[in-house]
Amino acid sequence: MGSVREYFSSLGTGIASLLKGMKVTGKEFITPKITECYPENRDTHHPAERFRAELHFIYDAEGNHKCIACGSCERSCPNGTITIESKMVTTAAGTKKKKLDKYFYDLGSCTFCQLCVTNCPTDAIAFDNDFEQSVFTRSKLVKQLNYLPEKEEPAPTPEELARAQAEREAKIAAAKAKAAAAKAAKEAEAGETPQPGTDNK
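Computed from a predicted structure; not experimentally measured. (Residues numbered from 1 in each chain as written. Predicted model: local features only at pLDDT ≥ 70, side-chain atom pairs only at ≥ 80, totals over all residues. Heavy atoms only, no water.)

**Q** Quick question: what am I supposed to make of the overall build of the protein chain here?
**A** Looking only at helices and strands, the protein chain has 4 helices and 5 strands in total. Each helix (α) and strand (β) of the protein chain, taken in turn from the N terminus, gives the series α-β-α-β-β-α-β-β-α. Computed over the C-alpha atoms, the radius of gyration of the protein chain is 37 Å, more than 25% above the 17 Å expected from 2.2 N^0.38 for a compact globule of 201 residues. Across its three principal directions, the C-alpha atoms of the protein chain cover 135 × 55 × 30 Å. Among the 201 residues that make up the protein chain, the fraction classed as buried is 20%. Intrachain contacts of the protein chain at a sequence separation of at least 6 include 69% that bridge at least 24 residues. A total of about 15,400 Å² of accessible surface is found on the protein chain, and carbon and sulfur atoms cover 59% of it. Taking the average place of the 28 positive charges on the side chains of the protein chain and the average place of its 28 negative ones, the gap between the two points comes to 5 Å. (Helix = DSSP H or I, 4+ residues; strand = E, 2+ residues; numbered from the N terminus. Rg over C-alpha atoms; globule rule 2.2 N^0.38 Å. Buried < 20%, exposed > 50% of the residue type's maximum accessible area, 1.4 Å probe, protein only. Contact = heavy atoms within 4.5 Å. Areas by Shrake-Rupley, 256 points an atom, 1.4 Å probe, with all protein chains shown as cover. Lys, Arg positive; Asp, Glu negative; His and termini not counted. Charge placed at Lys NZ, Arg CZ, Asp CG, Glu CD.)

**Q** Hey, could you run me through the confidence of the model for the protein chain in this one?
**A** A low pLDDT means the predicted coordinates there should not be read in detail. Residues of the protein chain with pLDDT of at least 70 account for 91%, and the chain-wide mean is 85. Averaged pLDDT values for the elements of the protein chain fall to 82 in helix H4 (residues 158–192) and rise to 95 in helix H3 (residues 115–119). (pLDDT = per-residue confidence, 0-100.)

**Q** Is there a simple way to think about the sheet that holds strand E3 (residues 96–106) in this case?
**A** Each strand in a sheet pairs with another by means of backbone hydrogen bonds, the pair being arranged parallel or else antiparallel. One open sheet holds the 3 strands; their spatial order is E2-E3-E5, and the pairing between them is antiparallel. The sheet is open, and its two edges are formed by strand E2 (82–90) and strand E5 (142–144), each paired on a single side. Between one strand axis and the next, the sheet turns through 30° on average, direction left out of account. Where E2 lies against E3, 9 bridges are found, and the strand directions are antiparallel. Paired with Thr90 across the bridge in E3 is Lys96. (Pairing = 2+ DSSP bridges. Axes fitted to C-alpha atoms, helices over the stretch in contact; angles between N-to-C directions.)

**Q** Can you help me understand the pattern of salt bridges in this one?
**A** Oppositely charged side chains may form a pair once their charged atoms are brought near each other. Enumeration over the complete set of coordinates arrives at 1 salt bridge. We note a salt bridge from Glu54 to Lys143, for which the minimum N-O separation is 2.8 Å. In this pair, Glu54 sits in strand E1 (residues 54–57) while Lys143 sits in strand E5, placing the two residues 89 residues apart along the sequence. Lys143 gets classed as partly exposed once you look at its relative accessible area, which sits at 22%. (Salt bridge = Lys/Arg side-chain N within 4 Å of Asp/Glu carboxyl O.)

**Q** When you look at the pairing of E3 in this model, what are you seeing that I'm missing?
**A** Each regular strand shows side chains that alternate between the opposite faces of the sheet. In terms of strand pairing, E3 meets E5 through 3 bridges, oriented antiparallel. The residue of E5 that forms the bridge with Asp106 is Val142.

Below is the structure:
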């Protein structure tokens, strides 16, 4: 009798467990589906704004960006994703200035940590949420972010050149005067100092 009682008890427990599982399954049959029909819903579906998908340059309406080629983003990237090529140009004041030439970004190596964005002193770069970046070759994941032609420095006017030359000459004259004053003070100090073996009486 004991074995028969155990058999029906375990049978009842199994049926109860089966009904409990079927209850959960039945709920899923009538629950609205949340599967995204991609790419059919490409025009209506938009990812979250905070989603990081690709680094890009921030251009204004006139096609200008804020990158000064300081290299902060390149140094802060843990994977070497960013490569900056710069060049030296002459400004309107006649001085030398480093300027961005090419800005390369390897999307295939990026971990989307955003250290480059947070360390940029001029807020020249940002991440967008365009996640459609599939390509057939990894070489296509290396992108040049400054896709617009870099604008040349305006040619200095004769007045600006004359002003820069005058400023340089004034700095040189001030440096020479300072050096001469220091030399005279040193010589005067040496003349007042008694020499060994001499009598000042």
